[in-house]
Amino acid sequence: MNITPDTTIVVNFSGGKDSCAMLHHIMETYPNNKVHVVMADTGWEHKDAIDWSKSITNRYGLPLHVVRNPNKTLLSMVERRGMWPGMGPRQCTSDLKRGPIHTWIRRNCTGHIVSVEGLRAEESPKRAQKPTWEKLDDLSKRGREVWKYLPIQWWKEVFVRFYLEANSIPLHPVYAYLNRFSCRICIYHSKHDTRKVYEHDREAFELVAALEKKIGHTIFMDGPIEARLTAENTKVDTYKKKG
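Below, the structure is looked at part by part. Counting restarts for each chain: residues are numbered from 1 in the order of the written sequence. Given that this is a predicted model, residues contribute local features only at a pLDDT of at least 70 and side-chain atom pairs are listed and counted only at 80 or more, while totals for whole chains, interfaces and linings are drawn from all residues. Side-chain metrics rest on all non-hydrogen atoms present in the structure, leaving aside hydrogens and water.

Positive phi outside glycine occurs at R142, with the angle close to 55°. In DSSP terms, a helix is any run of H or I states spanning at least four residues, a strand is any run of E spanning at least two, and both are numbered starting from the N terminus. With respect to the secondary-structure elements, R142 resides in the loop between β5 (133–135) and β6 (144–149). Positive phi values are uncommon outside glycine, yet S168 reaches one of about 55°.

Encoded structure:
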């Protein structure tokens, strides 16, 4: 499978380091193709995520198409279901990201389409096992042939950061205290990440804590978010005493 001059490229964009590197790579490699940049807003993005993402796409003269699930945000979905997404099949991804982006493709694209995502093998064994190319049969209808492509799947994080710096592409300020530019609080956050969110985005922390109490279900498998913060503070205090 490959990208031809007639291929329409849809860039799945978040504003994070991997999607920024992927966008630049796509624009360098396929300068003459029609490129659309689409961002899924779950309602739980960092407050400036959309404006930040627009500042990146503006560098290439491309508009940012922001899509949403019209029926729910992440927090409303959690409250309605009475539970947070788990580590397995994640409804937050299927309903709030993949679904709205696929709807946008159906409504706006025809012909040969390649949907690119910035997943990297280094991030997890599951991502390493994903096919680099995969035909999306559910979208390949009514004059469309749609493929998913992972163009930076085998890039290492150190190369991503070098690539961004070499091309003068900035990192979002959240990278000063978190390794990932994901949701404001994500099920994959470590205890250290949770503490950093508490310090830099207290509102997000308090919203999660309140919703946990309301539905009786916690975002993290190891217990309530407030207890996680207490455990991390104890760890820090112990380290300071030893020092």
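There's more to say after this.
Note on exposure labels: buried denotes an accessible area under 20% of the residue type's maximum, exposed denotes more than 50%, and partly exposed covers the range between, all computed with a 1.4 Å probe on protein chains only. Of all five residues in strand β1 (residues 8–12), five are buried, a share of seventy percent or more. Taking every second residue as pointing to the same face, both faces of β1 are buried, with T8, V10 and N12 on one and I9 and V11 on the other. Strand pairing requires that DSSP identify at least two bridges connecting the strands. As paired elements, β1 and strand β2 (residues 34–40) share five bridges and run parallel to each other. Residue pairing across strands places I9 opposite V35, the latter belonging to β2. Each parallel crossover has a hand, and for β1 linked through helix α1 (residues 17–29) to β2 it is right-handed. In this sheet, strand β4 (residues 111–116) lies alongside β1 in parallel orientation, the contact comprising four bridges. Pairing of V10 across the sheet is with S115, part of β4. Handedness rule for crossovers: strands pointing away from the viewer, path from the first strand over the helix to the second running clockwise, crossover right-handed.

Moving on, we get to the pattern of salt bridges. Here, a salt bridge means any side-chain nitrogen of Lys or Arg that lies within 4 Å of a carboxyl oxygen of Asp or Glu. Inspection of every chain in the model, using the stated rule, returns 16 salt bridges. R195 serves as the salt-bridge partner of E199, at 3.5 Å between the closest nitrogen and oxygen. Remark: R195 and E199 occur in helix α7 (residues 191–200); sequence separation between them is four residues, near one turn of the helix. Across the pair K213 and E226 runs a salt bridge whose closest N-O atoms are separated by 3.3 Å. With K213 in helix α8 (residues 202–215) and E226 in helix α9 (residues 225–242), the pair connects residues that are 13 residues apart, well separated along the chain. For E226, a relative accessible area of 36% puts it in the partly exposed group.

Our focus in this paragraph is the packing of aromatic side chains. By convention, a stacked pair of Phe, Tyr or Trp rings (six-membered ring in the case of Trp) has centres within 6.5 Å and planes under 30 degrees apart, an edge-to-face pair has planes over 60 apart, and any other such pair is tilted. Taken as a whole, this structure holds seven aromatic pairs when the rule is applied. Ring plane angle 35° and centroid distance 6.5 Å describe the contact between Y175 and F181, whose orientation is recorded as tilted. Take Y175 and F181: they sit in the same class, and that class is buried. A network of ring pairs unites the aromatic residues W155, F159, F162 and Y163 as a single cluster. A cation over an aromatic ring shows up here: R202 above the ring of Y198, its NZ or CZ 3.7 Å from the ring centre. Here, over-ring charges are defined by two tests on the NZ atom of lysine or the CZ atom of arginine: distance to the ring centre within 6 Å, and angle to the ring normal within 35 degrees. Here R228 stacks its cationic end above the ring of F220, 3.6 Å away from the centre of that ring.

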